[in-house]
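# Overview (structure and organization)
So you can see what is in the structure, the chains are spelled out below.
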2 protein chains.
Amino acid sequence: MATAESVGDGGSGAAWAGVAPEAARRLLVAAVDAFAERGYHATTTRDIAGRAGMSPAALYIHYKTKEELLHRISRLGHDRALDILRRAESGAGTSAERLAEVVRAFVHWHAEQHTTARVVQYELDSLAPEHRAEIVALRRQSDAVVRRILEDGVRDGEFDVSDIGGTTLAVLSLCIDVARWFNEEGSRSPDEVGDLYAGLVLRMVRAGA
Amino acid sequence: MATAESVGDGGSGAAWAGVAPEAARRLLVAAVDAFAERGYHATTTRDIAGRAGMSPAALYIHYKTKEELLHRISRLGHDRALDILRRAESGAGTSAERLAEVVRAFVHWHAEQHTTARVVQYELDSLAPEHRAEIVALRRQSDAVVRRILEDGVRDGEFDVSDIGGTTLAVLSLCIDVARWFNEEGSRSPDEVGDLYAGLVLRMVRAGA
DNA sequence: GGACTTCCTAAGCGCTTGCTCACCTTCGGA
DNA sequence: TCCGAAGGTGAGCAAGCGCTTAGGAAGTCC
């Protein structure tokens, strides 16, 4: 699936292969790590540049402001997340199978790329208003994917869900929160968490036998 | 045991009735609002003092540092959350009834006091190391409450749960994330969300069909 | 060799930050 | 009436912030 240039990284290395030139990519990866570790506002431009092995001024050759870095990270991260959801949605199978695949894939991403996911999910309010609006629009499309599958499942009788909006919220909520607690040194792999959560979500919505 | 003197009324004011003197309480409430809105690191001491209607220097009569304010908020918030969980756990009823009550009460608190809950759940890393350790110990006790009920339910056959640790994590995760997305202007009341989530969690763990 | 481009650094500017300090006001008790 | 404690303020300090600027090293084309 993803090309691995390093093993067991927090998800901050290989996923940014499209960012060029190389110095700009190094700065962006450094920013993801720093933002995830300390938060956007607690991270200094000197820290980001230092992690990338460059002087503070070098940052401003590739990015106009510190906020532009956050925006780029947030945009690329949301694009990737939405892509994962849509790919899982468009697979073959029953509503239940597609819902399980969506949850499995989304959870897997939040666990394996938890460094990026933490920035994506918890630093939204640090964006400038116009950038925030752009990202919020992307998030609504993610919500819509889950909602569509729930509606499909209810229509064909596979699911028994009285409050589709609330349940959509709960399913996404469960997936997103993985970014907060997931720890590489923990006992569970991204695959295991994905499988576990897919099973739990199916039990939440499936119609009784 | 912590004294639970007040019934929360929706704002971030009434829950802090035990904090004295009055100026110290006003500063604390102002800090909760500011931290929840912008985050700890983006909040200035001038902003906190301003919201409390005082000069920046007044803050340091009642608190040694800005971090002490965060610590006090985090400590009081976690005490309250743990109290709510334990009260729900110790009620009468089957394992399923007690689990439903725990989820209902915990979710209700995260929704109604979402301002406080946001600080409590998402600003842990901004605490000084020794304060962080103290809070982490409290959180482990919260985890234990949910875990005990799941174990009880599995033992007496009410629940069918293969991975108790992972399911404990998922249940708590679902509750905690409410603080992130809940909005007073939204269409759901804290009571409604609590009921919905209690039902979803029961379906996640209940045995049989 | 000289001019141009690309990418980087050392130094530092203007401003904001958490926090302090000298001093003021209010007020209950002797 | 005077006193000391408690609770407040205005001014400002040292440090750190995001960001800029002047200039240099390295490669490329003529």
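Residues numbered from 1 in each chain as written. Chains lettered and ligands numbered in written order. Predicted model: local features only at pLDDT ≥ 70, side-chain atom pairs only at ≥ 80, totals over all residues.

### Side note on the relation of the copies chain B and chain A
Short version of the rule: Alignment of copies: least-squares fit on C-alpha atoms of residues with pLDDT of at least 70 in both copies.
Once turned by 180 degrees and shifted 0.0 Å along the axis, chain B lies on chain A with an RMSD of 0.1 Å. This pairing of chains is accounted for by a two-fold axis.

### Points about the packing of helix α4 (residues 66–89) of chain A against helix α7 (residues 129–155) of chain A
Residue and element names in this part refer to chain A. Worth spelling out the cut-off: Lines fitted to C-alpha atoms define the axes here, with helix axes fitted over just the stretch in contact, and angles between the N-to-C directions of these axes take values from 0 to 180 degrees. Helix and strand definitions follow DSSP, with helices as H or I runs of at least four residues and strands as E runs of at least two, each counted in order from the N terminus. To sort the angles, those under 35 degrees are grouped as roughly parallel, those over 145 as roughly antiparallel, those from 65 to 115 as roughly perpendicular, and the leftovers as oblique. Left-handed describes a crossing in which the near helix is turned anticlockwise from the far one by less than a right angle; the clockwise case is right-handed. By the convention adopted here, residues are in contact when the distance between their C-beta atoms, placed from the backbone, does not exceed 7 Å. Residues are grouped as follows: nonpolar covers Ala, Val, Leu, Ile, Met, Phe, Trp, Tyr, Cys and Pro; charged covers Asp, Glu, Lys and Arg; every other residue, Gly included, is treated as polar.
The interhelical angle for the contact between α4 and α7, taken along N-to-C directions, is 15 degrees, at an axis separation of 10 Å. What the angle tells us is that α4 and α7 run roughly parallel. Crossing hand, α4 versus α7: left-handed. Only H131, I135, L138, R139, Q141, S142, V145 and I149 of α7 make contact with α4, whose side of the interface consists of H71, S74, R75, H78, A81, L82, L85, R86 and E89. Looking at the contact of α4 with α7, its residues break down into 7 nonpolar, 6 polar and 4 charged.

### With respect to helix α8 (residues 164–176) of chain A
To be explicit about the condition: One less than the number of residues in a helix, times 1.5 Å, gives the span that helix is expected to have. A residue is called partly exposed when the number of other C-beta atoms within 10 Å of its own lies between 12 and 20, exposed at 12 or fewer, and buried at 20 or more, with C-beta atoms placed from the backbone.
Taking 1.5 Å per residue as the helical rise, α8(A) with its 13 residues ought to reach 18 Å, and the 18 Å between its terminal C-alpha atoms agrees with that figure. Listed as buried for α8(A) are T167(A), T168(A), L169(A), A170(A), V171(A), L172(A), L174(A), C175(A) and I176(A).

### Things to note about the domain arrangement of chain A
Residues and elements named next belong to chain A. Quick note on the threshold: Marked domain ranges trace back to an automatic or database domain assignment.
Parsing chain A into structural domains produces domain 1 (4–65) and domain 2 (69–204). Each of domain 1 and domain 2 was reduced to a C-alpha centroid, and the two centroids are 25 Å apart. On the domain 2 side, the residues contacting the 14 residues of domain 1 number 14 residues. Tallied by class, residues from the side of domain 1 that touches domain 2 come to 8 nonpolar, 5 polar and 1 charged.

### Some details on the environment of A34(A)
All names here are of chain A. Considering the arrangement of structural elements, one finds A34 in helix α1 (residues 22–38). With 24 C-beta atoms packed within 10 Å, A34 lands in the buried category. If we ignore the near neighbours within four places in the chain, the residues touching A34 are T43, D47, I48 and R51.

### Digging into the UniProt feature "DNA-binding region" (unreviewed entry) in chain A
So the rule is basically this: UniProt positions are given in the numbering used here, feature names are shortened, and annotations may be inferred rather than shown by experiment.
In the numbering used here, UniProt assigns the feature "DNA-binding region" (unreviewed entry) to residues 44–63 of chain A. For residues 44–63 of chain A, the helix share is 55%, the strand share is 0%, and the end-to-end C-alpha distance is 14 Å.

### Focus on the nonpolar core
Short version of the rule: Think of a nonpolar core as buried Ala, Val, Leu, Ile, Met, Phe, Trp, Tyr and Cys residues, each tied to the set through C-beta atoms within 7 Å.
Of all hydrophobic cores here, the largest spans 117 residues; its most connected members are V103(A), Y197(A), V103(B) and Y197(B). Setting aside anything within four residues of it in sequence, one finds V103(A) in contact with V171(A), C175(A), Y197(A), A198(A) and V201(A).

### Structural notes on the interface of chain B and chain A
Taken together, the 21 residues of chain B in the interface contact 22 residues of chain A. Breaking the side of chain B that touches chain A down by element, the ones donating at least two residues are α8 (164–176) and α10 (190–205) of chain B. A per-element tally of the side of chain B that touches chain A places α8(B) first, with 7 residues. Partitioning the side of chain B that touches chain A into residue classes produces 12 nonpolar, 5 polar and 4 charged.

### Re the UniProt feature "domain: HTH tetR-type" (unreviewed entry) in chain A
Those places that UniProt annotates as "domain: HTH tetR-type" (unreviewed entry) correspond, in this numbering, to residues 21–81 of chain A. Counted over residues 21–81 of chain A, helix gives 72% and strand 0%. Its end C-alpha atoms are 24 Å apart.

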